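Report on the structure
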Amino acid sequence: MPPRPRPAHRIRARRTSRILLAVAAMATLVSVDVPAAEAVPPLGVTAQAQPGAAANRVGALFAGGLDGGHFCTAAVVRSDGRDVIVTAAHCVGDPQNTVFAPGYRDGRAPYGLWRLTSVYVAPGWTDGRDPDADIAFATVAPVGDGQSGYVEEAVGGFPVAAAQPSDATVTVLGYPSSLEAPLRCANTTTLFSAAQRRIDCPDLSSGTSGSPWLVDGALAGVLGGYEDGGSVPEVSYSAVMDDQAVELYREAAEAG
């Protein structure tokens with residue numbers, strides 16, 4: 001009887017092992033460390049967000065400037081004008097005195113400060129603070145004579161994706177008021193109501209309102225809505241990105 005051929009997956013596994021051993025041996029010879037893959041926290045675990053493309057697009061909202069303390073979170077979204085951010089509607093009650101610091105960390109604003117120039121909220125929020133309309137888009141411009149350009153040129157922007165499934169896995173990036181760096185948590189979500197999405201993530205306390213909810217790297221909502229985003233740090237909410245929210249986004253993008 002002819003010998004049985006070895007399964008292809010075993011051959012691939014052995015070849016991969018040999019390659020890894022060769023790489024490790026080469027690294028030892030030239031005294032170079034093999035970089036380890038970045039650890040991603042399990043679902044439902046909150047940890048500090050590492051610097052990178054996604055975290056740089058998220059920033060803190062300040063009252064007046066860095067000395068005013070940060071009170072909410074916002075994020076840059078893609079637009080033709082390259083100047084649109086998104087946050088919760090309850091975070092833009094004083095837009096003339098609000099500035100955005102993308103990538104803020106440890107007291108520094110590496111991509112500058114950006115003042116809000118126009119704010120777009122739904123009539124349901126303006127007329128009665130409807131929690132189902134707790135989302136806002138805004139255009140921004142650089143603060144100060146020494147800064148120019150567009151915020152999206154500096155950090156990039158998230159695409160906007162509406163109509164996500166109720167059980168989508170969402171990643172939240174936000175700044176608690178008590179911390180000087182953003183937190184990250186991912187978990188599956190559920191529908192709290194037809195217009196509200198819920199996520200279980202610890203430590204998303206005051207200041208994380210407006211944090212982007214990302215599905216596969218695209219904006220699917222912001223932390224807000226029911227109880228201004230939640231009454232306890234362990235459970236957070238977001239208004240569903242419906243047609244009205246998409247229309248607000250389009251208005252802001254066209255204005256920019």
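These remarks concern the structure in this document.

What counts and what doesn't
- Residues numbered from 1 in each chain as written.
- Predicted model: local features only at pLDDT ≥ 70, side-chain atom pairs only at ≥ 80, totals over all residues.
- Heavy atoms only, no water.
- Helix = DSSP H or I, 4+ residues; strand = E, 2+ residues; numbered from the N terminus.
- Buried < 20%, exposed > 50% of the residue type's maximum accessible area, 1.4 Å probe, protein only.
- Pairing = 2+ DSSP bridges.
- Phe/Tyr/Trp six-rings, centres within 6.5 Å; stacked < 30°, edge-to-face > 60°.
- Lys NZ or Arg CZ within 6 Å of the ring centre and 35° of its normal.
- Salt bridge = Lys/Arg side-chain N within 4 Å of Asp/Glu carboxyl O.
- Core = buried A, V, L, I, M, F, W, Y, C linked by side-chain atoms within 4.5 Å.
- Contact = heavy atoms within 4.5 Å.

Brief notes about the side chain of Ser79
Tracing the chain through its elements places Ser79 in the loop between β3 (70-77) and β4 (84-87). A relative accessible area of 10% means that Ser79 is categorised as buried.

Let's talk about the pairing of strand β5 (residues 98-102)
Most of β5 is tucked away: five of the five residues are buried. Along β5, one buried face is formed by Thr98, Phe100 and Pro102 and the opposite face, lined by Val99 and Ala101, is buried too. Sheet topology note: the strand β2 (residues 58-63)/β5 ladder contains five bridges and is antiparallel. The residue bridging Gly59 from the neighbouring strand is Pro102, located in β5.

Considerations on the packing of aromatic side chains
Evaluated as defined, the whole model comprises six aromatic pairs. Each ring, one from Tyr104 and one from Tyr175, has its centre 6.2 Å from the other, and the planes form 50 degrees; the classification is tilted. Here Tyr104 is found in the loop between β5 and β6 (114-121), whereas its partner Tyr175 is found in the loop between β8 (169-174) and β9 (183-193), with 71 residues between them in sequence. Arranged with centres 4.9 Å apart and planes meeting at 80 degrees, the rings of Tyr226 and Tyr237 form a pair that is edge-to-face. Here Tyr226, found in the loop between β12 (218-222) and β13 (235-239), pairs with Tyr237, found in strand β13; they are 11 residues apart in sequence, far enough to count as distant. On the accessibility criterion, Tyr226 (29% relative accessible area) is partly exposed. Every member of this aromatic cluster is reached through a ring pair, and the members are Phe62, Tyr104 and Tyr175. The cationic tip of Arg57 hangs over the ring face of Phe158; the distance from NZ or CZ to the ring centre is 5.3 Å.

Considering the pattern of salt bridges
Throughout the structure, instances matching the rule amount to three salt bridges. With a closest N to O distance of 2.6 Å, Arg82 and Glu153 form a salt bridge. Separated by 71 residues along the polypeptide, Arg82 in the loop between β3 and β4 and Glu153 in helix α4 (residues 151-155) bring together distant segments of the chain. Exposure remark for Arg82: the relative accessible area of 31% places this residue in the partly exposed category. Since its relative accessible area comes to 48%, Glu153 is described here as partly exposed. In this structure, the salt-bridge partner of Arg198 is Asp200, at a minimum N-O distance of 3.1 Å. A residue is classified by how much of its surface remains accessible, and Arg198, at 28% relative accessible area, is partly exposed.

Some words on the nonpolar core
Soluble globular proteins: nonpolar side chains tend toward being buried together. Grouped together as the largest cluster of nonpolar side chains are 47 residues, with contacts concentrated most on Ile85, Val86, Phe100 and Phe137. Ignoring anything within four residues of it in the chain, the contact list for Ile85 reads Ala74, Ala75, Val76, Val77, Phe100, Leu116, Ala136, Phe137, Ala138 and Val140. Of all hydrophobic cores here, the second largest spans 11 residues; its members include Val170, Cys185, Trp213 and Ala220.

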